[in-house]
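One-letter residues, chain by chain:
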Amino acid sequence: MARYKVTVATGDVAEAGTNNSISITLVGSRGESRRTTVSLLFLSGQEKSLSVDCGQDLGPIVLIRLHKWRLFLEDAWFCKDVRVTGPDGTLYRFPCYQWLEGVTTVEVREGSGKKLADDELQILKEHRHRELAARQEAFRWKNFAQGWPRCLNVGSILELDSNIQFSCVRATDFTGFLILQGASHFLSGFLLRSTSWDSLDEMRTIFSRTQGRDIVPEYVAKHWQEDEFFGYQFLNGNNPIIIRCCTALPPKFPVTPEMVAGSLGSGTDLGKELQEGRIFIVDYEVLDDIPADTINGRQQYVAAPLCLLHQGTDGFLRPIAIQLNQTPGPSNPIFLPSDDEWDWLLAKTWVRNADFYIHQLLTHLLRTHLFGEVFAIATLRHLPTCHPLFKLLMPHFHFTLHINTLARSVLINPGGLIDKGSGVTYEGLKLVVQRGLEQVTYTSLCLPDDIRHRGMSHVPNYHYRDDGMSLWEAIQSFVTSIVTFYYGGDAAVCGDTELQAWVMDIFTNGFLGRTSSGVPSSLQTVEELIKFLSMVMFTCSAQHAAVNNGQYDLGAFVPNAPSSMRHPPPREKGRAFLQHFLDTVPEVATTANILVTLILLSSQLKDRRLLGQYPEERFTEAEPRRLIRAFQRRLEEIRDRIEERNYLAELRYNYLNPLETENSISI
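Residues numbered from 1 in each chain as written. Predicted model: local features only at pLDDT ≥ 70, side-chain atom pairs only at ≥ 80, totals over all residues. Heavy atoms only, no water.

A word on the domain arrangement of the protein
Annotation of the protein at the domain level lists domain 1 (2-110) and domain 2 (189-362 + 547-601). Spacing between the C-alpha centres of domain 1 and domain 2 amounts to 59 Å. (Domains from an automatic or database assignment.)

Below, the structure is given as structure tokens:
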């Protein structure tokens, strides 16, 4: 007789318990136990212990079967884990962390990370094959729009597997928050006013009602007209990845030395500043000829500007020339800081409007949300639960499939919040993302390579770069240690067929098989694997935080990030004035609609998990758990450095503080 001591734990989450019958079967290398009842009632967070007696030693316990059965009403159960102690005292851990629904049997592998090549028992090979076959049936690809990354084939959040849906707590918080903000703006009258703002000062009233969140918007309202703050936002705003060093002006942007001489200061000229790397350019060419929409029956307008900036002797970036469309000519003047105040301010506001589109559709939607979904689906389809990379990556996809499915239902759908509140048509929105994907490169997704490629390594006050590099290096160090623990060398990487299928799925369905992107379709070395995993984890955590968390801060004051423009770009100078400006930026109702969205997207909802937090203990070996603790300590050091820098700063850059950076794209 061999006796096994078994402890079954229910997760400490809302509604986790069950009154359905739960039983267990132990499967060892030399046989399996009879099916044994665990409990007829589980409460959230509760553990139940029992003994399972067998006629013989089963050998090492390699998997368990959990059986759920109901007599009357269905009551789903969330199993945290199972621990089994063998007759010889050996402890086996079985991390589960999943919902069991209906009458079902779920097989759970012992928790050690195992690649396909590590499995010797046929029963384990068959288990991982069955698991992936079931996942590939459950998580299928579909096209959302032509030329976009493919997405999960579901019609709404109601079709999602329970294990990837929002938790009860988060779903309630999300819905309540949206209703509260919408009601607040409705009752305040903003959503009912389809007229221009009465004054610039009146625009502040819409965010002054949001208690505790008006500090940065007030700063923006005070400084938005200043050239220095305009330049600052290309480094540390919501879209810090579009600016690049300019060593030669493109022919389509014919700025002359005489035009900018007054902005550069004495003792230098445009040629010298270009040569010495102090001129920078932002080009919104992707918006060229994008069709504009109507809002409340009124035609909107879209521009595709170019902006030239100069790094002064004080280290700050300031704009020195703006052209509002791509084709130079007499009706497309180059605006300068020396122009009339309203001409120059309106030109800068057109740049901010273009930046709103590129940030929302490319930097935020495409390069974090859509790619994050691709990474998540490919992981579910090709890496079984026991694979070490599944254990590493899954925390970085927490709630991503839910939030993206929701976005396709209410945010980026025809008639959705973005369609209603922005100045591009729905077809234009789809075209911008299609063009953006065609231009994405692997270099641009890997922060160290991207910074070098854009020539931004030595620009001062670039907090996104500095904090981002700290997080990239911490993530890469953690990934390096995990990978080298599980992969003995390059041959192990090449020979991991599940890994190779995962990478190919990402290349095919995320980047549409475009080899010119430089995104790999296979991984041949440990070094290549480390870089690719670092990119995935950074994209889903730090990069999303950097481009998402400041949306309300920097967008609440509408002229700083207008979502639409109601007059066409000026074709000559000297025609701008205050009322024309008020009649160009979004009307009151449009502002309120967009602001509800920005508040929600940059909110801290309940049940969030910060970078480095792994409440689900998927790794059971001692070394990976030690590596996680080391990663957490390094993140604490980064947090301390950022908070020390921010302590005396008038405008704090905190979007990459690990205390503000979620593990995944969940909002």
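What about the sheet that holds strand E1 (residues 2-10)?
The strand order across the open sheet built from 4 strands is E5-E1-E7-E8, with neighbouring strands paired in antiparallel fashion. Every other strand in the sheet has two partners, leaving strand E5 (47-54) and strand E8 (91-100) as the edge strands with one partner each. Averaged over all adjacent pairs, the angle separating strand axes in this sheet is 20°, with direction ignored. Note that E1 and strand E7 (residues 77-85) share 6 bridges and pair antiparallel. (Pairing = 2+ DSSP bridges. Helix = DSSP H or I, 4+ residues; strand = E, 2+ residues; numbered from the N terminus. Axes fitted to C-alpha atoms, helices over the stretch in contact; angles between N-to-C directions.)

Quick notes on the sheet that holds strand E17 (residues 317-323)
Pairing is antiparallel in the open sheet, where 5 strands are placed in the order E12-E13-E16-E17-E18. The open sheet terminates on both sides in strands that have one partner only, identified here as strand E12 (244-245) and strand E18 (334-335). Sheet analysis places E17 next to E18, joined by 2 bridges and oriented antiparallel. The partner of Ile 322 across the bridge, within E18, is Phe 335. Packing of helix H5 (residues 227-236) onto the sheet brings it into contact with strand E13 (279-283), strand E16 (306-311) and E17, and relative to E17 it is tilted by some 95°. Packed onto the sheet, helix H6 (residues 257-264) meets E13, E16, E17 and E18 and runs at close to 160° relative to E17. (Contact = heavy atoms within 4.5 Å.)

Some thoughts on helix H17 (residues 497-510)
Between the first and last C-alpha of H17 there are 19 Å, a value that for 14 residues agrees with the 20 Å anticipated at 1.5 Å per step. Burial analysis of H17 places 10 of its 14 residues in the buried class, the great majority of the element. The complete set of buried residues in H17 reads Glu 498, Leu 499, Gln 500, Trp 502, Val 503, Asp 505, Ile 506, Phe 507, Asn 509 and Gly 510. Looking one or two residues past H17, Leu 512 carries a phi angle of roughly 55°, positive in sign. (Expected span 1.5 Å × (residues − 1). Buried < 20%, exposed > 50% of the residue type's maximum accessible area, 1.4 Å probe, protein only.)

Here we look at the pattern of salt bridges
This model, assessed by the stated rule, comprises 41 salt bridges. We note a salt bridge from Glu 218 to Arg 204, for which the minimum N-O separation is 2.6 Å. Pair noted here: Glu 218 is in helix H4 (residues 215-223) and Arg 204 is in the loop between helix H2 (168-187) and helix H3 (205-208), with a separation of 14 residues, a long-range link. The class for Glu 218 is partly exposed, based on a relative accessible area of 26%. Here Lys 531 ties to Asp 449 by a salt bridge, and the two come within 2.7 Å at their closest N and O atoms. Of the two residues, Lys 531 is situated in helix H18 (residues 526-548) and Asp 449 in helix H14 (residues 447-453); the sequence distance between them amounts to 82 residues. Note on Lys 531: relative accessible area 30%, which makes it partly exposed. In the salt-bridge network here, residues are joined through shared partners; they are Glu 32, Arg 65, Glu 107 and Arg 130. (Salt bridge = Lys/Arg side-chain N within 4 Å of Asp/Glu carboxyl O.)

Observations concerning the state of the cysteines
Evaluation of the coordinates by the stated rule reveals 0 disulfides. With no disulfide partner, Cys 494 has as its closest neighbouring cysteine sulfur the one in Cys 446, 19 Å distant. On the basis of relative accessible area, Cys 494 is assigned to the partly exposed category, the value being 35%. (Disulfide = S-S within 2.5 Å.)

What to know about the packing of aromatic side chains
Taken as a whole, this structure holds 22 aromatic pairs when the rule is applied. By the ring-pair criterion, three or more aromatic residues cluster together here, those being Trp 224, Trp 342, Phe 557 and Phe 581. Of note, Lys 115 hangs over the ring of Tyr 487, and the distance from its end group to the ring centre comes to 4.9 Å. Between the NZ or CZ atom of Arg 193 and the centre of the ring of Trp 197, over which it lies, the distance is 5.9 Å. (Phe/Tyr/Trp six-rings, centres within 6.5 Å; stacked < 30°, edge-to-face > 60°. Lys NZ or Arg CZ within 6 Å of the ring centre and 35° of its normal.)

A closer look at the pairing of E17
Buried residues dominate E17, accounting for 6 of its 7 residues. Between E16 and the antiparallel strand that follows it, E17, lie 5 residues; Gly 315 among them carries a positive phi value of about 90°.

A look at the packing of H5 against helix H8 (residues 341-382)
Geometrically, a packed helix pair is captured by the angle between its two axes and the distance between the axes. Two elements in contact, H5 and H8, have axes separated by 12 Å at closest approach and are oriented at 15°. As the angle between them shows, H5 and H8 are arranged roughly parallel. As for the relative orientation of H5 and H8, their crossing is left-handed in sense. Residues Asp 227, Phe 230, Gln 233 and Phe 234 of H5 lie in contact with H8, whose contacting residues are Trp 344, Lys 348, Val 351, Arg 352 and Asp 355. Grouping the constituent residues of the contact of H5 with H8 by class yields 4 nonpolar, 1 polar and 4 charged. (Parallel < 35°, antiparallel > 145°, perpendicular 65-115°, else oblique. Left-handed = near helix turned anticlockwise from the far one by under 90°. Nonpolar A, V, L, I, M, F, W, Y, C, P; charged D, E, K, R; others polar.)

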